[in-house]
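So the chains spell out like this:
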Amino acid sequence: MDADSRLRALDALEALPDRRSGWPGRIWSATWPALAAAALAVGLWELVVLSGWKDPWVLPGPGEVLPRLWRDLTDPGFWAGLGSTMRRAAGGFALSIGAGIVLAVIAIRPRPLRIAVGSLITGLQTMPAIAWFPLAILLFKLSESAILFVIVLGAAPSIANGLISGIDHTPPALLRAGQVLGIRGVSWYVHLLLPAALPAFVTGLKQGWAFAWRGLMAGELLVIIGNHPSLGVRLDFARQTSDSVEMLATMIVIMAIGILVDRLFSAADHTLRTRRGLIAR
C-alpha cells in the first residue's frame with residue numbers, strides 16, 4: 001500500500017461515525033464515571049460506618065444522611081440559604097475575574113513591573129484564604145464585604161496567572177502578524193492577546209472558582225450575619241447542635257455544587273480547545 005492509500009485509509013477511519021453519537025450517548029458517557037465514583041464513595045462510607053470506627057451519632061451512615069438530604073431539598077428554607085450562598089459566589093467570582101484581568105494586564109509589560117507584580121500574584125495565590133479573615137473582619141466587620149474581600153483575594157491570583165500563562169504562550173508568529181497589521185494600543189489586548197490566551201484563561205477561571213468556593217465556605221462559617229441564611233450558617237448550626245446527619249447532608253450539597261461548576265468549566269475548556277484545534281475531535 002502506497003503512502004496516498006494509507007492517508008486515505010486513516011481519513012476514512014477518522015470519518016467513521018461514533019456509535020455513541022447523539023445526545024443520549026454523550027450524556028451517558030459523561031455521566032457514568034461520576035455515578036460510578038459516587039457509588040464507590042458511598043460504599044466506602046458505609047464500610048467505614050459498619051466497621052464501628054466511630055459511634056453512629058458521630059458518623060452516621062448513608063442510610064440516615066441521604067433521606068435527610070432529600071428532606072432538605074424539599075424545604076423552602078434550604079433553597080433560601082442556597083440562593084444566598086450562590087449570590088455571594090457569583091458576585092465574588094465576578095469581582096475576582098475583573099481583578100484578575102487587571103492584574104494580568106499590569107503584569108504583561110514592562111519587564112521590571114512584570115517581575116514585581118508576578119511575585120505579588122504568586123504570594124497571594126499561596127496565601128490560605130482563611131488567613132485573610134482576621135484582617136477582613138477588622139476592615140469590614142461582620143459583613144458581606146468581608147466575605148467578598150476574601151473571595152477576591154483567594155480567586156483573583158489564580159485567574160491572573162491563567163491569563164498571564166496564556167499570553168506568555170501566544171505564538172510569536174501571531175504577535176508578528178498583529179504588528180504587521182498595525183494593531184496597537186487597546187486593540188492589541190482586546191483583539192490579539194486576550195483571544196489568543198483564552199484557553200489558558202478558562203483554565204485559570206476553573207482554578208479561581210475552586211479558590212473562591214473554598215473561601216466563601218470558610219467565610220460563611222466565620223462571618224455569621226443575622227437574618228442571612230446560607231449553606232455555611234446551616235452547617236455551623238448543625239455543628240452547634242451536634243446534628244451530624246444534617247451536617248453531612250449539607251457537606252454533600254457543598255461538594256456537589258463545587259463539582260458541578262467545575263464540570264461546567266471543564267466542558268467549556270474542552271469545547272474551546274476543540275474548536276481551536278488543540279484537541280482532536
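Residues numbered from 1 in each chain as written. Predicted model: local features only at pLDDT ≥ 70, side-chain atom pairs only at ≥ 80, totals over all residues. Heavy atoms only, no water.

## A closer look at the pattern of salt bridges
All told, the structure shown has nine salt bridges when counted by the stated rule. Arg88 is the partner of Glu220 in a salt bridge, and the nearest nitrogen-oxygen pair spans 3.0 Å. Of this pair, Glu220 sits in helix H10 (residues 198-222) while Arg88 is found in helix H4 (residues 76-108), placing the two residues 132 residues apart along the sequence. With respect to class, Glu220 is no different from Arg88; both count as buried. The shortest N-O distance in the salt bridge between Arg273 and Asp269 comes to 2.9 Å. Highlighted residues: Arg273 and Asp269, both in helix H12 (residues 244-275), separated by four residues, approximately one helical turn. Linked through salt bridges whose partners overlap, the residues forming this network are Arg68, Asp72, Asp75, Arg234, Asp243 and Glu246. (Salt bridge = Lys/Arg side-chain N within 4 Å of Asp/Glu carboxyl O. Helix = DSSP H or I, 4+ residues; strand = E, 2+ residues; numbered from the N terminus. Buried < 20%, exposed > 50% of the residue type's maximum accessible area, 1.4 Å probe, protein only.)

## Some thoughts on the layout of surface pockets
In this model, the largest pocket occupies a volume close to 760 Å³. Put simply, the parts of the chain that give the lining of the largest pocket at least two residues each are helix H2 (23-50) and H12. Residues of the lining of the largest pocket, tallied by class, amount to 17 nonpolar, one polar and one charged. (1 Å grid on protein atoms, 1.4 Å probe; cavity = no way out; pocket = protein on both sides within 12 Å on 5 of 7 lines; lining within 4 Å. Points joined across faces, edges and corners; volume = space filled by probe spheres on them. Nonpolar A, V, L, I, M, F, W, Y, C, P; charged D, E, K, R; others polar.)

## Focus on unusual backbone geometry
With a phi angle near 60°, Lys141 is a residue other than glycine that sits in the positive phi range. Looking at the element boundaries, Lys141 is found in the loop between helix H6 (133-140) and helix H7 (144-168). With phi around 55°, Ser242 is a residue other than glycine that occupies positive phi space. On the secondary structure map, Ser242 appears in the loop between helix H11 (231-240) and H12. Given a relative accessible area of 53%, Ser242 falls into the exposed group.

## Thoughts on the side chain of Thr85
Inspection of the secondary structure puts Thr85 in helix H4. Classification of Thr85 as buried rests on a relative accessible area of 0%. Residues contacting Thr85, with those up to four places away along its chain left out, are Trp213, Leu216, Met217, Glu220, Ser230 and Leu231. (Contact = heavy atoms within 4.5 Å.)

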